[in-house]
Amino acid sequence: MCEPELDLRSEPDPELAPEPEPDPAGTVRVFIALAPPDEAKDELAHALGPAYEAYPRLRWNRIEDWHITLAFLGELPVAAVPLLRPPLARLAAARRPLELGLLGGGHFDERVLWSGIGGDLDGLHDLAAEVRTVVRECGIAFQERPLRPHLTLARARRDDPASVVEIAGGLAGFTGRRWRTERLHLVGSNFGRGPAPIRYRDIEAWTFDGP
């Protein structure tokens, strides 16, 4: 059950100290996600090495921003975000880690390049359903779409769709190492709006501690 916090201010992140504090009356774009460990990301990045060189015009996502979205909440009032913290913390504490892996590749509409997800997909869908229930219980409206587990890698420019299709074909045989999910991430992407690439930052993350 979602319980309001008395203090709606976010704790400052020392690594982002130069960033101005968000306006409490403003909004932040929010999603809830899992993140592969560095070893798994490095393995996929190595497989993508030739594509990085061959297709520099693609809008490549930063490797440190790779994530598996469980629920995209869109623009939320800044003051609403802390309402999610206690119930998400409880959910993670009761949940055991999942075993997942990066698997193959594909594209959406010849524009968005992605890597697929293998492993405990039933557990992943269950986790996403629990996360979305938490959001609804907090009274936060969002557009619910069917979960299609993937890791977004790049976006093509409108005049260059062929590159995404070719790279996706090259990733078809990719099978990454299995890894255990460590934390549930509440992520904000209010930084870097405009023509510059989107930049993500953890609002908070909680360790999976279930039996």
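Because the structure is a prediction, the values reported are computed rather than measured. (Residues numbered from 1 in each chain as written. Predicted model: local features only at pLDDT ≥ 70, side-chain atom pairs only at ≥ 80, totals over all residues. Heavy atoms only, no water.)

1. Some thoughts on the packing of aromatic side chains
So, point 1. Scanning the entire structure with this criterion turns up three aromatic pairs.
So, point 2. For the ring pair Y52 and W60, a centre distance of 4.5 Å and an interplane angle of 70° mean the geometry is edge-to-face. (Phe/Tyr/Trp six-rings, centres within 6.5 Å; stacked < 30°, edge-to-face > 60°.)

2. Regarding the sheet that holds strand β5 (residues 112-119)
So, point 1. Across the sheet, five strands lie side by side as β2-β6-β5-β4-β7; this open sheet has antiparallel pairing. Each edge of the open sheet is held by one strand with a lone partner, namely β2 (59-60) and β7 (175-180).
So, point 2. Helix α5 (residues 162-170) contacts β2, β4 (99-108) and β5 of the sheet and is inclined by roughly 145° relative to β4. (Pairing = 2+ DSSP bridges. Helix = DSSP H or I, 4+ residues; strand = E, 2+ residues; numbered from the N terminus. Contact = heavy atoms within 4.5 Å. Axes fitted to C-alpha atoms, helices over the stretch in contact; angles between N-to-C directions.)

3. Observations concerning the pattern of salt bridges
Close approach of charged atoms allows side chains with opposite charge to pair.
So, point 1. Scanning the model with the defined rule gives 10 salt bridges in all.
So, point 2. Here the salt bridges do not stand alone but share partners, grouping R62, E64 and D65 into one network. (Salt bridge = Lys/Arg side-chain N within 4 Å of Asp/Glu carboxyl O.)

4. Some words on the nonpolar core
Considering soluble globular proteins, one finds that nonpolar side chains tend to be buried as a cluster.
So, point 1. Core analysis: the largest hydrophobic core is formed by 53 residues, its most contacted members being L34, L44, L73, L84, L184 and L186.
So, point 2. At six residues, helix α4 (residues 121-137) tops the list of elements feeding residues into this core. (Core = buried A, V, L, I, M, F, W, Y, C linked by side-chain atoms within 4.5 Å. Buried < 20%, exposed > 50% of the residue type's maximum accessible area, 1.4 Å probe, protein only.)

5. Comments concerning the packing of helix α3 (residues 85-94) against α4
So, point 1. The geometry of α3 relative to α4 is characterised by a closest axis approach of 10 Å and an angle of 155° between their N-to-C directions. With respect to their mutual orientation, α3 and α4 come out roughly antiparallel. Helix-helix and strand crossings are classified by hand; for α3 and α4 the assignment is right-handed. Across the interface between the two elements, P87, L88 and L91 of α3 pack against L127, E130, V131 and V134 of α4.
So, point 2. Across the contact of α3 with α4, the residue classes break down as six nonpolar, no polar and one charged. (Parallel < 35°, antiparallel > 145°, perpendicular 65-115°, else oblique. Left-handed = near helix turned anticlockwise from the far one by under 90°. Nonpolar A, V, L, I, M, F, W, Y, C, P; charged D, E, K, R; others polar.)

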